[in-house]
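Residues per chain, in single letters:
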Amino acid sequence: QKRPIDIARLDEHGRRVLDALAPVFLSYEDDYELKNNSVYYDVKANPSSHFLVFIRLCRYFEDRAQDEHAAQAQAGVARAEADTAFEAEMEAVAAVRATDTARNYPFHRKLKLSAFINR
């Protein structure tokens, strides 16, 4: 028995998934009946009726894998750029600290020695 999908009850993610899988659902004839009302039994009994579904599912998952790979690559580039910017900023801070320390070191040393001598 066919049960229609209540699209109004789906959230945005559910609608995107349904749109992406629409070609899979459209692989069957409108009046197609599954053996024992089960995809599992029907695939066993009539595998040739499901070849188009298998092909479309493979395409769907291949596209998803490519999209995920592209997103990870993009995130990796952004992360590398952020890491490089952070490292450059930390080097600049270290250079300023080193310059500041070198500039102020004799002053601090004089203070410590004078405090020691005054006792």
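Numbering of residues starts from 1 in every chain and runs along the sequence as written. Reporting of local features is limited, given that this is a predicted model, to residues whose pLDDT is at least 70; pairs of side-chain atoms are given and counted only at 80 or more, and all residues count toward the totals for whole chains, interfaces and linings. Excluding hydrogens and water, the side-chain figures rest on all heavy atoms present in the structure.

1. Some remarks on the side chain of Ser-27
Helix numbers and strand numbers start at the N terminus; a helix is a DSSP run of H or I with at least 4 residues, a strand a run of E with at least 2. Checked against the element boundaries, Ser-27 lands in the loop between α1 (12-25) and α2 (39-45). For each residue, the accessible area found with a 1.4 Å probe, counting protein chains only, is set against the maximum for its type, and the residue is called buried under 20%, exposed over 50%, and partly exposed in between. Residue Ser-27 is classed as buried on the basis of its relative accessible area, which comes to 14%. In what follows, a contact means two residues having at least one pair of non-hydrogen atoms within 4.5 Å. Apart from residues lying up to four places away in sequence, Ser-27 is in contact with Leu-52, Val-53 and Arg-56.

2. With respect to the pattern of salt bridges
Within this document, salt bridges are pairs made up of a side-chain nitrogen of Lys or Arg and a carboxyl oxygen of Asp or Glu, the two lying within 4 Å of each other. For the structure shown, the criterion picks out one salt bridge. For Arg-15, the salt bridge is made with Glu-12, and the minimal N-O distance between the two is 3.6 Å. With a gap of three residues between them, Arg-15 and Glu-12 both fall in helix α1, about one helical turn apart. Accessibility expressed as a relative area gives 32% for Arg-15, which makes it partly exposed.

3. Focus: α1
Here a helix's expected span is defined as the number of its residues, less one, multiplied by 1.5 Å. In this model, α1 (14 residues) spans 19 Å end to end at C-alpha, consistent with the 20 Å of a helix rising 1.5 Å per residue. Where α1 bends most, at Asp-19, the angle is about 35°, and the proline Pro-23 comes one to four residues later. The angle separating two fitted axes, one through the seven residues that finish at a residue and one through the seven that start at it, defines the bend at that residue.

4. Details of a nonpolar patch on the surface
A surface patch of nonpolar side chains, about 300 Å² in accessible area, is lined by Ile-5, Ile-7 and Phe-25. Within the secondary structure, Ile-5 sits in the segment before α1. For Ile-5, a relative accessible area of 47% gives the class partly exposed. Here, patches come from residues exposed beyond 30% relative accessible area and free of salt bridges, joined within 9 Å for like charges and within 5 Å for nonpolar side chains (Val, Leu, Ile, Met, Phe, Trp, Tyr). Using the Shrake-Rupley algorithm and a 1.4 Å probe, accessible areas are obtained, with residue cover drawn only from the displayed protein chains.

5. A short note on the confidence of the model for the chain
For every residue, the pLDDT score states the predictor's confidence, bounded by 0 at the bottom and 100 at the top. In this model, the chain carries an average pLDDT of 76, and 75% of its residues clear a pLDDT of 70 or more. Helix α3 (residues 51-118) is the least confidently modelled element of the chain, averaging 70 in pLDDT, while α2 averages 87, the highest of any element.

6. Details of unusual backbone geometry
For Asn-36, which is not glycine, the phi torsion reads 55° and is therefore positive. Positionally, Asn-36 belongs in the loop between α1 and α2. Note on Asn-36: relative accessible area 57%, which makes it exposed. Even without being a glycine, Asn-37 presents a positive backbone phi close to 55°. For Asn-37, the location among the structural elements is in the loop between α1 and α2.

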